[in-house]
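Geometric and topological summary
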Amino acid sequence: MADDRKNVDPRRRKRMAEREEVIRRRRSNREQELRRGRSIPANDARRRVDDGVISRKKPQKNQRLKDKPSKKLKRKKKITFKRIIGIIIAAILLITLVTGVRIAMLLDKVSTDNIIKPNPVPMNQTVNILVLGLDVGDVNNPNDESIKRTDTMMLINFNPQTKKVNIVSIPRDTMIYINGRRWKINAAYPIGGDERVIKEVQDILSVNVNYLVKVNYAAFRDFIDAIGGVDMKIKYDMDYTDKSQNLRIKFKKGTEEHLDGKRAEEFFRWRKNNDGTGLPNGDIDRIKNQHEFLAQVVKKCATPAIIFKMPKILKVMETNIETNMPGTTIFKYALKLMTLKAGNINMTTIKGTPQMISGQSYFVFNKQANQQLINSLNSNGDSGPISPQDVRIKVLNGTKISGLAATYKVQLNQLGYTNVDTGNTNLVKQSVVMVNNDNIKSELEKKFTAINKIESIDSRYEEPGYDVIIVLGDDAKNY
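Residues numbered from 1 in each chain as written. Predicted model: local features only at pLDDT ≥ 70, side-chain atom pairs only at ≥ 80, totals over all residues. Heavy atoms only, no water.

**Some words on empty space enclosed by the protein**
Our working definition: For cavity detection a 1 Å grid was placed over the protein atoms alone, and a set of points counts as a cavity when a 1.4 Å probe fits there but cannot get out; an open set counts as a pocket when protein lies on both sides within 12 Å along at least five of seven lines, with lining residues being those that have an atom within 4 Å of a point. Grid points are joined across faces, edges and corners, and a volume is the space filled by probe spheres set on the points. Helix and strand labels come from DSSP, where a helix needs a run of H or I of at least four residues and a strand needs a run of E of at least two; each type is numbered from the N terminus. Only Asp, Glu, Lys and Arg are considered charged in this grouping, and only Ala, Val, Leu, Ile, Met, Phe, Trp, Tyr, Cys and Pro are considered nonpolar; every other residue, Gly among them, is considered polar.
The final tally for this structure, using the stated rule, is 2 cavities of 30 Å³ or more. Taken as a whole, the largest cavity spans an internal volume of roughly 60 Å³. Every element with two or more residues in the lining of the largest cavity is listed here: strand S4 (150-159) and helix H7 (283-301). Considering only residue class, the lining of the largest cavity consists of 5 nonpolar, 3 polar and 4 charged. Roughly 40 Å³ of volume is contained in the second largest cavity. Along its surface, the second largest cavity is lined by Ile386, Pro388, Val391, Tyr417, Asn439, Ile440, Glu443 and Lys447. Grouping the amino acids of the lining of the second largest cavity by side-chain chemistry returns 5 nonpolar, 1 polar and 2 charged.

**A word on the packing of helix H6 (residues 261-269) against H7**
This is how the line gets drawn: The axes used here are C-alpha line fits, helices contributing only the stretch in contact, and every angle between their N-to-C directions lies in the interval 0 to 180 degrees. Contact criterion: two residues are considered in contact whenever any of their non-hydrogen atoms come within 4.5 Å of each other.
Relative orientation of the contacting elements H6 and H7 amounts to 145°, with a least axis distance of 8 Å. Contacts from Ala264, Phe267, Phe268 and Arg269 in H6 reach Arg286, Asn289, Gln290, Phe293 and Leu294 in H7. Partitioning the contact of H6 with H7 into residue classes produces 5 nonpolar, 2 polar and 2 charged.

**As for helix H4 (residues 188-205)**
We count it as follows: In this analysis, the expected span of each helix is defined as 1.5 Å times one less than the number of residues it contains. Take the seven residues that end at a residue and the seven that start at it, fit an axis to each, and the angle between those axes is the bend at that residue.
With 18 residues, H4 extends just 16 Å between its outermost C-alpha atoms, more than 12% less than the 26 Å of an ideal straight helix rising 1.5 Å per residue. The largest bend along H4 measures about 105° and falls at aspartate 194. The first or second residue beyond H4 is serine 206, which carries a positive phi of 55°.

**Notes on the confidence of the model for the protein chain**
The condition that has to hold: Summary of the metric used: pLDDT quantifies the predictor's per-residue confidence within the range 0 to 100.
Scored by pLDDT, the protein chain comes out at a mean of 80, with 77% of its residues at no less than 70. Under a pLDDT of 50 for its full length, residues 49-57 has, in the predicted model, 13 contacts with residues more than four places off or in other chains.

**Some words on the environment of isoleucine 287**
For the record, the criterion: Exposure is judged per residue with a 1.4 Å probe applied to protein chains only, and the accessible area is read against the type maximum: over 50% gives exposed, under 20% gives buried, and values in between give partly exposed.
Take isoleucine 287: it is sitting in helix H7. Taking relative accessible area as the criterion, isoleucine 287 reaches 5% and is therefore assigned buried. Counting along the chain gives 16 residues from isoleucine 287 to arginine 271, while the straight-line C-alpha distance between them is 9.2 Å. Those residues in contact with isoleucine 287 that lie beyond four places of it in its chain are Ser169, Ile170, Pro171 and Thr349.

**Concerning the sheet that holds strand S5 (residues 164-169)**
For clarity, the cut-off: The criterion for strand pairing is that DSSP finds at least two bridges linking the strands in question.
Strand order in the open sheet made by the 6 strands is S13-S8-S3-S4-S5-S14, with mixed pairing throughout. The sheet is open, and its two borders are formed by strand S13 (321-323) and strand S14 (345-349), each paired with just one other strand. Pairs of neighbouring strands in the sheet enclose a mean axial angle of 20°, with direction left out of account. Two strands pair when backbone bridges link them, and strand S3 (residues 127-134) and strand S8 (residues 211-216) are joined in this way by 6 bridges, in the parallel orientation. Among the inter-strand pairings, leucine 132 is bridged to a residue of S8, identified as lysine 214. Sheet contacts for H7: S4, S5 and S14; angle to S14, the most-contacted strand, approximately 165°. Along the sheet, helix H9 (residues 327-338) contacts S3, S4, S5, S8 and S13; its crossing angle with S4, the most-contacted strand, is approximately 70°.

**Some details on the packing of aromatic side chains**
Note the following rule: Within 6.5 Å between ring centres, the rings of Phe, Tyr and Trp (the latter by its six-membered ring) count as paired, and their orientation is classed by plane angle as stacked under 30 degrees, edge-to-face over 60, tilted in between.
This structure, assessed with the given rule, holds 9 aromatic pairs. Pairing phenylalanine 158 with tyrosine 333 gives two aromatic rings, centres 6.4 Å apart and planes at 80°, and the pair type is edge-to-face. Remark: tyrosine 333 occurs in helix H9 and phenylalanine 158 occurs in strand S4; sequence separation between them is 175 residues. Of the two residues, phenylalanine 158 and tyrosine 333, neither departs from the other in class, the shared state being buried. Ring centres 5.9 Å apart and planes at 35° place the aromatic pair phenylalanine 220 and phenylalanine 293 in the tilted group. Residue phenylalanine 220 is found in helix H5 (residues 217-226), and its partner phenylalanine 293 is found in helix H7; the two are separated by 73 residues along the sequence. Each member of the pair, phenylalanine 220 as well as phenylalanine 293, is classed as buried. Taken together, Tyr217, Phe220, Phe251, Phe267, Phe268 and Phe293 form an aromatic cluster joined through their ring pairs.

**Thoughts on the nonpolar core**
Inclusion rule: Grouping buried Ala, Val, Leu, Ile, Met, Phe, Trp, Tyr and Cys residues that are joined through side-chain atoms within 4.5 Å yields what is termed a nonpolar core.
Membership of the largest hydrophobic core comes to 46 residues, with the highest contact counts inside it found for Leu259, Phe267 and Phe293. When sequence neighbours within four positions are dropped, the list of residues in contact with phenylalanine 267 reads Met232, Ile234, Met238, Phe251, Leu259, Asn289 and Phe293. Counting 26 residues, the second-largest nonpolar core is a separate cluster that includes Leu134, Ile185, Ile204 and Phe365.

See below:
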């Protein structure tokens with residue numbers, strides 16, 4: 001093929017030859033540098049020799065910024081990040097401040113009128129708070145206090161030194177005497193008001209009641225709604241109607257339900273069905289259900305997010321709760337209780353015997369059987385050895401062996417530990433007994449030798465109302 005360059009102007013042919021020579025030299029120099037191990041910068045013109053054409057373009061400004069960010073840009077990014085963090089912190093402080101102001105304003109509005117005077121104690125001493133859950137009374141005349149009865153009666157005993165809380169339930173059928181006549185304790189309020197019901201509780205538990213809180217079911221419903229409801233496993237078929245109380249209860253056994261305020265009230269109040277079936281031990285078993293429900297409420301309230309729900313909660317208190325506890329005192333105790341571990345909250349029911357007397361069913365209180373409980377309510381610390389019947393135990397099956405927890409429950413029952421519940425948990429390798437109380441731990445070490453590993457209750461497993469958590473692992477014996 002003929003060389004096309006022969007037809008080109010001699011001067012132009014000379015320039016092309018010179019350009020080809022430059023390209024050849026540049027390629028030769030680049031190859032020599034590569035052989036010597038020298039690197040050529042990415043933006044060097046020698047890297048852009050392609051198809052005999054030398055690119056003489058300089059790197060664009062944006063490209064240089066990408067290759068090497070300027071100090072000014074870095075500084076700008078840091079300033080922007082700091083501003084974002086500052087805005088977030090300022091927002092949190094503002095929300096906290098607004099929440100605190102709203103809490104203070106609402107606390108001042110909590111009703112303390114027409115209620116017995118309190119018996120205050122210093123914040124570092126044990127305090128006893130009596131909580132009364134009042135029924136509707138007459139739905140057509142809800143302000144008539146004379147016919148309202150205390151469906152629920154609990155004493156909250158808080159010891160700031162040990163950071164432990166005892167919640168003691170008193171069955172509404174507990175027998176008392178007023179002016180020589182036999183009554184059930186839920187009649188004390190309509191008979192003699194605040195003063196009478198406090199006297200009866202003080203006589204039974206040998207304590208001084210410091211503060212009184214009266215809660216109606218409207219407050220109960222609104223409170224549960226304010227914390228966002230709770231989840232509960234339904235253990236019984238519940239089907240009950242009480243038109244006089246505007247009450248309709250309907251739950252199916254084996255389901256797990258999210259209970260808002262209305263449905264929580266239904267669960268909390270149920271004890272029998274329309275056909276006569278229901279809880280075998282009546283109000284005693286209903287209290288056990290209530291304790292399980294309250295344990296879920298405590299879990300919900302133990303999260304840091306509860307502080308932002310406090311205005312709603314206090315709004316409920318302002319509207320539907322009566323108490324003789326000053327607003328500032330409520331706030332101080334609330335802060336203390338929010339820092340408690342769930343394992344430091346113990347729920348129990350006074351001991352007694354159901355009896356039929358003159359055609360009426362009563363719960364007869366046994367003071368001797370409750371002496372240990374009474375001692376703990378009046379103690380500044382652990383009250384010494386604890387009876388096995390008073391120890392609440394939860395056995396969790398962490399294996400694939402069905403029914404293993406039930407076999408350990410039988411073994412514990414034989415050792416005298418009759419208050420035992422079972423459940424399941426995630427699979428674990430090693431079995432462990434978890435307990436915080438030194439006295440209970442000492443007794444378990446002597447009696448319960450099936451598991452050697454004993455330690456404090458892990459926060460992942462702790463549940464309000466349980467003194468001991470037993471987790472069964474792969475090494476557990478299958479009796």
